[in-house]
Amino acid sequence: MSDFIQVIDPGHGGYDPGATANGLREKDLTLKIALYTRDYIYELYEGVKVYLTREKDVFVSLSERAAFANRLNADHFCSIHINAGGGEGFESYIYRGSYSSKSKTQALRNVLHDTIVAETKFKNRGKKEADYAVLRETKMPAVLTENGFIDNKDDADFLKSDANLRKIALAHAHGLAKAHGWKPKANKKPSRPSVGGKVFYRVVAGSFVERENAERRVKELKAKGIESFIDEYRA
Ligand SMILES: [Zn+2]
């Protein structure tokens, strides 16, 4: 089976900064979220190829973004934006009106939308429709996400943290995977040491260069009724 082709479209770029407020520019945030989303998809899933409409701070017209996805014959198009204009939270858009692939487009959007709201805890502004060029001109199911308001103090504070941009990106990766039924990577390394599939937890109560200091810690713990042992390792 051929790979699933996912296009991710970081909104704005170059001389078009998008919305700006609270020391933030939409074009920077959308690019970071898009790049992180691509990283997460490649880290977690197989059978997917991810293409970005831009990978750096350059201007790409709306029609060129859609044409890029059409040329690739992409399976899905996801445009990433940050909102502005006095509001708070997350909303998503699909193309309005009636078209043959609308129910599929809607179903994919619903899964992505619900996953992002659940994982980011953004206030849910709802599932919407609009006549946006990237949604209208793309030939495959397309969605546009508006990830918080840059001119809202609470949303802007959230967006200032790189960890939160990663959280938004991971939510996009999870949501797209769930919507499209992507296969998790089989050979992922376990994140915790395991023996025969069973996970053990080790409590570390100190690390010492001198053995007698370690022995003293064991005595202190024993005096408090806590059994412990010394584990030797080389670093
Ligand atoms: Zn935008």
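Predicted model, so just to flag it, every value in this text is computed and none were measured. (Residues numbered from 1 in each chain as written. Predicted model: local features only at pLDDT ≥ 70, side-chain atom pairs only at ≥ 80, totals over all residues. Heavy atoms only, no water.)

1. Looking at the overall build of the protein chain
What the protein chain contains, in helices and strands, is 7 helices and 12 strands. A globule of 235 residues ought to have a C-alpha radius of gyration of about 18 Å, yet the protein chain, at 23 Å, is considerably larger. For the protein chain, the spread of C-alpha atoms along the three principal axes comes to 75 × 45 × 30 Å. Residue pairs at least 24 apart in sequence account for 77% of intrachain contacts in the protein chain once pairs closer than 6 positions are excluded. As displayed, the protein chain has an accessible area near 13,400 Å², and 51% of this comes from carbon and sulfur atoms. Placing the 39 positive and 32 negative side-chain charges of the protein chain at their respective mean positions leaves the two points 3 Å apart. (Helix = DSSP H or I, 4+ residues; strand = E, 2+ residues; numbered from the N terminus. Rg over C-alpha atoms; globule rule 2.2 N^0.38 Å. Contact = heavy atoms within 4.5 Å. Areas by Shrake-Rupley, 256 points an atom, 1.4 Å probe, with all protein chains shown as cover. Lys, Arg positive; Asp, Glu negative; His and termini not counted. Charge placed at Lys NZ, Arg CZ, Asp CG, Glu CD.)

2. Description of the coordination of the zinc ion
As a benchmark, a tetrahedral metal site with four donors has ideal angles of 109.5 degrees, while an octahedral site with six donors has ideal angles of 90 or 180 degrees. On the protein side, the zinc ion has His12 (NE2), Glu26 (OE) and His81 (ND1) as donor atoms, found 2.1 Å from it. In the primary sequence, the donor residues of the zinc ion line up as H-x13-E-x54-H. Highlighted residues: His12 in the loop between β1 (4-10) and β2 (20-21) and His81 in strand β6 (residues 76-83), separated in sequence by 69 residues. The buried category is assigned to His12, whose relative accessible area is 18%. (Donors = N, O, S within 2.8 Å, 3.2 Å for Na, K, Ca; no water. Buried < 20%, exposed > 50% of the residue type's maximum accessible area, 1.4 Å probe, protein only.)

3. Structural notes on the packing of helix α3 (residues 102-120) against helix α6 (residues 162-180)
Relative orientation of the contacting elements α3 and α6 amounts to 145°, with a least axis distance of 8 Å. Our pair here, α3 against α6, has a crossing hand that is right-handed. Every residue of α6 that contacts α3 at Leu108, Val111, Leu112, Thr115, Ile116, Glu119 and Thr120 is listed here: Lys167, Ile168, Leu170, Ala171, His172, His174, Gly175, Leu176, Lys178, Ala179 and His180. Its residues placed into classes, the contact of α3 with α6 shows 9 nonpolar, 6 polar and 3 charged. (Axes fitted to C-alpha atoms, helices over the stretch in contact; angles between N-to-C directions. Left-handed = near helix turned anticlockwise from the far one by under 90°. Nonpolar A, V, L, I, M, F, W, Y, C, P; charged D, E, K, R; others polar.)

4. Section: the side chain of Asn83
Among the structural elements, Asn83 can be located in strand β6. Within polar-contact distance, the side chain of Asn83 engages the side chain of Glu91 at 2.9 Å. (Polar contact = N/O pair within 3.5 Å; in protein donor to acceptor, adjacent residues only side chain to side chain.)

5. Quick look at the pattern of salt bridges
Taken as a whole and judged by the stated rule, the model has 18 salt bridges. A salt bridge links Lys183 to Glu46, with the nearest nitrogen and oxygen atoms 2.8 Å apart. Taken as a pair, Lys183 in strand β10 (residues 183-184) and Glu46 in strand β4 (residues 45-46) lie far apart in primary sequence, 137 residues in all. You can call Glu46 partly exposed: its relative accessible area is 30%. Among the charged side chains, a network of salt bridges with common partners joins Glu91, Arg125 and Lys128. (Salt bridge = Lys/Arg side-chain N within 4 Å of Asp/Glu carboxyl O.)

6. Re the UniProt feature "domain: MurNAc-LAA" (unreviewed entry) in the protein chain
Mapped onto this structure's residue numbering, the UniProt feature "domain: MurNAc-LAA" (unreviewed entry) falls at residues 66-177. Taken end to end, residues 66-177 has its terminal C-alpha atoms 22 Å apart, with 48% of it in helix and 26% in strand. (UniProt positions renumbered as here; feature names shortened; annotations may be inferred.)

7. Some details on the packing of aromatic side chains
For the structure on display, the rule yields 7 aromatic pairs. An angle of 20° between the planes, with centres 6.5 Å apart, marks the rings of Phe90 and Phe122 as stacked. On the criterion of sequence distance, the pair formed by Phe90 in strand β7 (residues 90-95) and Phe122 in the loop between α3 and β8 (124-130) is long-range, its members being 32 residues apart. A single burial state applies to Phe90 and to Phe122, both of which are buried. (Phe/Tyr/Trp six-rings, centres within 6.5 Å; stacked < 30°, edge-to-face > 60°.)

8. Notes on the nonpolar core
By size, the foremost hydrophobic cluster in this structure holds 38 residues, and its most contacted members are Ile41, Leu159 and Trp182. Residue assignment for this core shows that the elements contributing at least two residues are β1, α1 (26-44), β5 (48-52), β6, β7, α3, α5 (153-159) and α6. Residues within four places of Trp182 in sequence aside, it is in contact with Phe4, Gln6, Ile41, Tyr45, Val48, Ala173, Leu176 and Ala177. In this structure, Ala69, Ala74, Ala130 and Leu144 belong to the second largest nonpolar core, which totals 12 residues. (Core = buried A, V, L, I, M, F, W, Y, C linked by side-chain atoms within 4.5 Å.)

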